[in-house]
Each structure stands twice: as C-alpha cells, then as structure tokens.
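Structural description and commentary
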Amino acid sequence: MISAVVTFIGDGVLNGTGQKSDVALAAAGDSSAFERLYRAHVARIHSLARRMLGNDFADEVTQDIFVRTWQKLSTFRGESAFTTWLHRLALNVIIERRRSLAIQRTRVADDPIALDLATVPPSRSDLRVDFEYAMGQLPEGAREIFVLHDVEGYKHREIAVMLQIATGTSKRQLHRARMLIRQQLGEA
Amino acid sequence: MLQYVLFAALALAQTDQTVPVQKGTRLDVNNFSGDVKITTWDRDAVRVEADHSDRQSVDVRPGEQRLIIRGNSRNSGMRSIDYAITVPKWMSITVNGNYTDVTMEGVGGDVNVETTRGDINVSGGVGFISLKSVQGSISLSHANGRIDITNVNDDIHVADVSGDLTAGTTNGAITLERVDSSNVDAYTVNDNITYDGPIRDKGVYRLTSHNGAISLAVPDRTNATMSIRTYNGGFRSSFPVKVEDQNSRRRFSMTLGDGSARVEIETFNGSIALRRPGEAPPANRRDRGRD
Amino acid sequence: MSRHEQWTDQLSDYLDDELSEAERAAVEAHLGECAECSKTLGSLRRIVAEAASLTPRPPENDLWPGVAVRLAQPRRISFTIPQLAAASLLLAALSGGAVVLLLGGGPTGRSQTATNPGGTAEAPGVEAARPAGALSEDIGSDSGLAAAVNVADAQYDEAVAELERALEEGRGRLDATTVSVVEQNLSIIDLAIAEARGALMADPSNGFLSGHLIEARRRKLDLLRRAAALTQPN
C-alpha cells in the first residue's frame, strides 16, 4: 500500500505578485513575512481542513499545516504558484491525519484516558449556510470526495491517487454525496 | 512514480536482452524508481525487459558471480524504469530501490529486497529471505528459510512459509498465516498481530505490540507454556484456559500439554485474544477505520 | 427503488463529462422525455455550482499564536495534542504533583517540566517539540519520582544521540515524505517508550514493564539505524 502522497507538481506558473516576495522572505526565515502568508491563506486552508475532517480537528490540523509549511518552505522552488504548493501540502497533512484519526478512533474505545480528551465541542451554531450544513451531514467518505471534487476541483483520477481508491469508487461516492445533499436541501 | 504496464509479449519494452548465466550467479538489480517484476523459467539465462524513456538505457553486465542490472539516465533527472526480468528458478536475487515496487513469483533462491517507498510482494524464496521497506506493504508467501522482514510505516503479511521468521514494523499490522516455524518473532508498535500456524514443541514464539491487539490461534494438543501480558488491555479466549501464576488480571501464564514450546504474547494498550484455528481473527485497525 | 435510478445514477457522470459518446447520447435522449430526471439534473447542477462557489471562512479562533510558538523551535518531531496530553495525564495520574514531560532534553540532558496537578491537558495550539540533539531519558531533577528506578540507560542514550545526529546530518538526502514518515514513526515509538517508562516508574519492580521498555528502546535504535543508513548514498 503506497501512502497517498500527492507530490508537488508544478504547473509552471510563477506567482508574480507581492506574495512571491513574502514567500522568499519567509523561506529565508522571516517570520513576519510568514505571518502575512498565514493571514492570506488561513481561511482557505482552514475551510479545507474543516470540510474534510470536521470541526473538531480543523484548528489543530490547520496549525500543523502551517508549521509544516514553514518547515518545508525552503524546498519550494517556485515551479508553481505558492497557493498550489501550499494547497497540496495541506492536503498531504489532512490525508495523513485522516489516516491516523481512523486508527485513533478505534483506540479511543479501548483507552479510558483518551476518552476524556476526545470530548467533542458542540457544533457551531452560527452555521447559517444550509449548504455547508448539508455537507457536514454527509457520511465521511462521500463528504471527502465531494469536497475534493466539487469544492476544490480535483479530478477523479487525482482523488483516486490521493485517497487510494478506485476512480469508480470516487465517482460513485461523488454522486451519492450530491444526491444526499439534494435530499438534505429538500429538493428530492 | 510513473506506472507502466509491462506486457512481456508485446514490444513495449525498449530494452530486451537475454544473457546466459552459470549456476550460482546472483541477480543484482538497482532501480531508483519504477517497478521490478521478476518471474522464473527453466533456462539458465536471464531476460531483462525494461520500459523507459529515450534518454535512458539499461546496463546488463556480469560482475563477481553476479549479474548486475542498472539503469542509466543521460539527463540529470532521475526517471522511472520498469523492469520485467525472467530468471532461472535457482537464482538468488537482490533488488535495491527507492520508489520501487517489487514483485516476484516462483523464485527459488535467496531473496534480498530493500525499498523505501514501495510495496514488496514475493511469492517464493528459499534460503535467506530479507525484505525491507519503509513505506509500502510487504507480502511474502511460499517461502522457506530464514526470513527477516522489516517495515516501518506499513503492514507485513506472511502466508504459507516455513523456517525461522522475524517480522518487525512500527506503524503496521502483522499477519502471519499458515506459518510453519519453530522460531517466530513478530513486533509492531502501533497495530495488531495475528498468528495462525502450528505451535511446534520446543519452539519459541514472541508476539509483541504496544498499541495493538494480538490474536493467536492455538491448535488442539499444543504443548506450550504461554506467557500473556498486557498493561491496559483485556484478555479473552474462545476456549477454556486454566490460568496459573497470575500476577494480575492482565499478566499471567498458563501451560498447555507438556509446556515444551515457549509462547510470549505481550502488548501494552491492546488486548490479547486466543482462538482455535479456523475461527476468524479480529479485524485490523486500518480495515476498521476505513470508510 | 425508483425506475429512474438507472438514469439518475448516470447523471453525475453526465454532468462531469465522464460518459462515453454513446452513453451521453442515451442519457440526453432520456432527459428529453423525462421531466423528473431533468429536474434531478437541474438540482445536481445547482449543487455543483454552489459547491464551486463556496467561499473560504476563516477560523473562529486566531490560530497564529499556536503556530508562532512552534516556529521558534528547531524542526523536529512534535507530538499531537491527544498523544502528549495522554502521556502527561498518565504521568500525572501516576506521580501526582509535578509532571515531568519526558520529551527528552537537549545535549545537556535537561527535561521540560510542567505543573499539572489537575492533570488537565495543555491549551490547544501550544505544543512542545523536542529540541534537536540527544534524546536523553534522564528524568532530571524532579522530586517525588522513584529514585531507585533504572529508567535511564546511558549507553542507550548515547547510541540514540549518535544516530540522531547522523540522521539530522543526512536528512537532506532523503525526500520529504520519507523524512516525515520516519519522524512520524519515531514519535510513535517515543510515545510508546514514554508510556512504558511512566508505568515503570509507578511500578519499578514490574519485570514485564522493564522488559517492554527495553524492547521499545531497541526498536527505536533499529529504526534510527535504518533511517541513518537510508541517508547514506548507495
């Protein structure tokens, strides 16, 4: 079983905006520049983490992602837009976490100590948007694929590699997700 | 890693060389990236088919009692080469790779495989068998000899083998089925161990995990002194056991028959389960965790 | 079971242009005649459009401080909060009073201490990373813990330190994923070692625990050796 790692594939487009200089500064160790990058990207990264993993882990995973970004920034060669690179890195972290969460979830049942820590904070009541709520209600597998395909724009081929599933499974789960959302939104 | 499908019959291979070899020659393949598939035939010759780009070539040259196979890339970037190699059944094989999946079928000599990111799947092997990966599952079947399997982030699956067996990983499950051995040492940190095979008189069997559960199939009429130890987990048995020397609920020993074999089962957070052969073992963590 | 299912099952693939020419034509022909399926298609289109237009939402809490505190530390393994908290709770439960977070010290063998009388987990977002250099299992000067326990092992510590140095020096030769996999697994073993050691300190004469701890350390050495060997050029 090859770990589902998405390698940093450049799309050859260099980001010529001010962000590039922040990237260069941050890569050289300037943490204020890195904070600016953080502020610019946290909403998108956090939304991805939240939609893929749920509310409970989104904050922690988002921080992990940015710490990993800082650690790996020196390897960013500028072959693609920084946004693309960051996004792939975020997905790697999320997919790794998804895997270890699956392992931990089965441990929580056995381990009395961990049970206390796993207390789930109540879901936020300010989820006004029906659509996001409907997404959140999806079963995990369907939700992840829906997020990756319809929200984030990945193709089934790419999703299959990332999540180590067959493209057929990806297509079926996507359809299931859409139909369930349709039901949730009362259109069925 | 690029994935090519090699059809031996079609001329997709850009390298296709056959080299006669004398008995006792060892195959030595080094492939940084790409698949290595090895099958056998009755000829005393090695056929190397390789699929690669124009800028690469494959070097097949004799060494000191070895046949050495290496890829050459004329540009600086490493590119992937996929090999399909047919060898005599008697040949011992060494494969080193990095992003390399290795598959072998029907091999009958020593087998030595080391990869970093790749699956290893060997059917066959006689003598010294050593399989190492870091990220990638390792599977061995129909082998006989001194078996040593080391993995880091993934599972180990061994079936229908005989001989001394050591299997160790950190973040993967170990499944040992129909293992006929008098010396088994299986160790993982973060996942389960399942053992199903004869427990031979005077044999030594050690199954150790930290976070995982351990499940052992105990055949009827087994003669073994069993030491069962867990720190936080439970113990259950599908057949009645008589416990002696019980330090605590979770650490005790018991004697089956004349107690000649030594079976040590140890985990920290996981539970220990004994069953009779034929009964289904508990599911692995990862299987349970999957959607 | 709706008789439309054989058609609706294809609608997503139809929308995403994943159907063959023939399949596409068949679906379109059916849509021409079937109001219900057309309606379903319309819903799916809207859902896809909605998904594509979802805007990112920033987190409720400011996560930057939690990130900033980790940037200052040298790149090293960090435990996730549940693991760290579990380990510290275990130790707190066993020893009471001051809890030594046995994350290992720097080259001087210091260890970090935190007072956790209530055994509460650290605040989210604040994680302690282990400083680069020797992982010493010296329990430091914490009082109240069983002094007679042979928890430290100088030879082991030295071997670990040497291998970690080799790994640190050579890690540039490994690809990022392998480095991260190795680090992840080292932290898995470290946590196992911490748990075993914590348990042993509470029950020093427990042969099972000391054996288990020794075994875990051995495995850590094996992994470090393997990882260090990987960094050597072939």
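Note that the coordinates shown come from a computational prediction; the quantities given were computed from them, not determined experimentally. Per chain, residue numbering runs from 1 following the sequence as it is written. Each chain takes a letter, starting from A, and each ligand takes a number, starting from 1, following the order in which they are written. Local features in a predicted model are, by the rule used here, given only for residues with pLDDT of at least 70; side-chain atom pairs are given and counted only at 80 or more, and totals for whole chains, interfaces and linings are based on all residues.

1. A closer look at the overall build of chain C
Definition in use: Numbered from the N terminus, helices here are DSSP runs of H or I no shorter than four residues, and strands are runs of E no shorter than two. The exposure label follows from counting other C-beta atoms within 10 Å of a residue's C-beta, where the C-beta atoms are placed from the backbone and the thresholds are 20 or more for buried and 12 or fewer for exposed, leaving partly exposed in between.
Within chain C, the secondary structure is distributed over eight helices and two strands. Going from the N terminus to the C terminus, chain C shows its helices and strands as α-α-α-α-α-β-β-α-α-α. A buried classification covers 34% of the 234 residues belonging to chain C.

2. Brief notes about helix α9 (residues 167-184) of chain A
The criterion, for reference: How far a helix is expected to stretch is found by multiplying one less than its residue total by 1.5 Å.
Here α9 of chain A contains 18 residues, and its C-alpha end-to-end distance of 25 Å stays within 8% of the 26 Å for a straight helix at 1.5 Å per residue. All buried positions along α9 of chain A are accounted for by S170, Q173, L174, H175, A177, R178, M179, L180 and I181 of chain A.

3. A few points about the packing of helix α1 (residues 5-15) of chain C against helix α2 (residues 21-33) of chain C
Residues and elements named next belong to chain C. The line we're drawing: Between N-to-C directions, angles span 0 to 180 degrees; the directions come from axes that are lines fitted to C-alpha atoms, helices contributing only their stretch in contact. Roughly parallel covers angles under 35 degrees, roughly antiparallel covers those over 145, roughly perpendicular covers 65 to 115, and oblique covers all other angles. Crossing handedness: left-handed means the near helix sits turned counterclockwise from the far one by under a right angle, and right-handed means the same turn made clockwise. By the criterion used throughout, residues are in contact when their C-beta atoms, derived from the backbone, lie within 7 Å. Only Asp, Glu, Lys and Arg are considered charged in this grouping, and only Ala, Val, Leu, Ile, Met, Phe, Trp, Tyr, Cys and Pro are considered nonpolar; every other residue, Gly among them, is considered polar.
Contact geometry for α1 and α2: axes closest at 11 Å, N-to-C directions at 120°. Classified by the angle their axes make, α1 and α2 are oblique. α1 and α2 meet at a crossing whose hand is left-handed. For the pair α1 and α2, the contacting residues are W7, Q10 and Y14 in the first and E23, R24, V27 and H30 in the second. In the contact of α1 with α2, the residues fall into three nonpolar, two polar and two charged.

4. Some words on the nonpolar core
Put simply, the rule is: Put simply, a nonpolar core is a cluster of buried Ala, Val, Leu, Ile, Met, Phe, Trp, Tyr and Cys residues tied together by C-beta atoms within 7 Å.
The biggest cluster of nonpolar side chains holds 65 residues, and the ones touching the most others in it are I93, L140, V158 and A186 of chain B. Ranked by residues supplied to this core, first place goes to strand β7 (residues 92-107) of chain B with five residues. Apart from the residues within four sequence positions on either side, A186 of chain B is in contact with A167, I174, L176, I193, Y195 and L207 of chain B. By size, the runner-up hydrophobic cluster in this structure holds 55 residues, among which are V42, M52, F66 and V147 of chain A.

5. What about helix α3 (residues 35-52) of chain C?
Along its 18 residues, α3 of chain C runs 26 Å from first to last C-alpha, staying within 8% of the 26 Å computed at 1.5 Å per residue. Packed against the buried residues of α3 of chain C are α7 (140-151) and α9 of chain A together with α1 of chain C.

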